[in-house]
Amino acid sequence: MAAESQPQQMDERNEEQQLKYLEFVQFATIQALMRCAILYSYAKERAGPLKPGVDTVEEAVKTVVAPVYDRFHLVPGELLRYADRKVAELDRHVPSNVKKVSSQARSVVSEVRRDGVSAFAKTVYSKYEPTAELCAVSAWRKLNQLPLFPHVANAVLPRAAYCTEKYNEAVVSSAEKGYRVSAYLPLVPTEKIAKVFGGN
């Protein structure tokens, strides 16, 4: 009987340790620490003639920080669990529409974890692009009603079109040369912009 209650108590403790509302903070912190550790090890490997000095400083820091870490390493987790409990208490007093937004944010976070940031960004872009176009066209029409705006726009637009064309050419050229950064640089859809704003 005692053997059966022990796993049940462990499950209850694990459930208490898990965060309900602030899990994303823990996830982001772990990701940031992993990236910093990778960056530090990369820099340390390439320290060259400074490597002995880096090792000496690292040992000195470990000597000073280790006792402090041993004493306080559980504090951030405890603070996060405390804040999570406080958020749970506040959750009872929050209006339902705010809870709806919160649940949508959680679903977005889980979708980003599952599919990755780029897949999520593509989904958001395809979903909200038509709305953004309508808002941009509406804003353009309102601005054209101002007295000086059409004159300023006629002076600025040719230069902006030229710069946009040069930017697109540079991105395409860098992609052809095999630069990886060009995969992250979007092309400006000049034809689409001209089509959307052409009727105005």
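The structure under discussion appears in the preceding block.
Residues numbered from 1 in each chain as written. Predicted model: local features only at pLDDT ≥ 70, side-chain atom pairs only at ≥ 80, totals over all residues. Heavy atoms only, no water.

Peer 1: Would you explain the overall build of the protein in this entry?
Peer 2: Within the protein, the regular secondary structure consists of 8 helices and 0 strands. Going residue by residue from the N terminus, the α and β elements of the protein occur as α-α-α-α-α-α-α-α. By the compact-globule yardstick of 16 Å for 200 residues, the protein is too spread out, its C-alpha radius of gyration being 27 Å. Dimensions of the protein along its principal axes, counting C-alpha atoms only, are 80 × 60 × 30 Å. A burial count over the protein gives 7% of its 200 residues as buried. Sequence-distant contacts in the protein: of pairs separated by 6 or more residues, those separated by 24 or more amount to 52%. Carbon and sulfur atoms provide 64% of the accessible area of the protein, an area that totals close to 16700 Å². (Helix = DSSP H or I, 4+ residues; strand = E, 2+ residues; numbered from the N terminus. Rg over C-alpha atoms; globule rule 2.2 N^0.38 Å. Buried < 20%, exposed > 50% of the residue type's maximum accessible area, 1.4 Å probe, protein only. Contact = heavy atoms within 4.5 Å. Areas by Shrake-Rupley, 256 points an atom, 1.4 Å probe, with all protein chains shown as cover.)

Peer 1: Explain the packing of aromatic side chains to me, please; I cannot follow it from the model alone.
Peer 2: A ring pair, where both rings are aromatic, is described by two values, the distance of the centres and the angle of the planes. Tallying each qualifying case throughout the model produces 1 aromatic pair. With centroids separated by 5.3 Å and ring planes inclined at 80°, the aromatic side chains of tryptophan 140 and phenylalanine 149 adopt a geometry described as edge-to-face. According to the relative accessible area criterion, phenylalanine 149 is partly exposed, its value standing at 22%. (Phe/Tyr/Trp six-rings, centres within 6.5 Å; stacked < 30°, edge-to-face > 60°.)

Peer 1: In this structure, what is going on with the pattern of salt bridges? I would like to understand it.
Peer 2: Side chains bearing opposite charge may pair, as long as their charged atoms lie close to each other. If you walk through the whole model with that rule in mind, you get 8 salt bridges. Of the charged contacts, one joins arginine 81 and glutamate 78 as a salt bridge, the two residues approaching to 2.8 Å between their closest N and O atoms. Note that arginine 81 and glutamate 78 are positioned in helix 4 (residues 75–91) at a spacing of 3 residues, about one turn of the helix. Judged by its relative accessible area of 15%, arginine 81 is buried. With a relative accessible area of 41%, glutamate 78 lands in the partly exposed category. For lysine 166, the salt bridge goes to glutamate 169, with nearest N and O atoms at 3.6 Å. Here lysine 166 and its partner glutamate 169 are both found in helix 7 (residues 149–176), 3 residues apart, which amounts to about one turn of the helix. (Salt bridge = Lys/Arg side-chain N within 4 Å of Asp/Glu carboxyl O.)

Peer 1: Could you clarify how one ought to interpret the environment of leucine 187 in this entry?
Peer 2: Following the sequence through the fold, leucine 187 ends up in the loop between helix 7 and helix 8 (190–198). The class for leucine 187 is partly exposed, based on a relative accessible area of 46%. On a C-alpha basis, the gap between leucine 187 and phenylalanine 197 in space is 18 Å, while along the polypeptide they are 10 residues apart. The residues touching leucine 187, leaving out its near neighbours within four places in the chain, are Asn168, Val171 and Val172.

Peer 1: Any chance you could explain the side chain of asparagine 168 here in plain terms?
Peer 2: Position of asparagine 168 relative to the elements: it lies in helix 7. Beyond its immediate sequence surroundings of up to four residues, asparagine 168 is in contact with Leu187, Val188 and Thr190.

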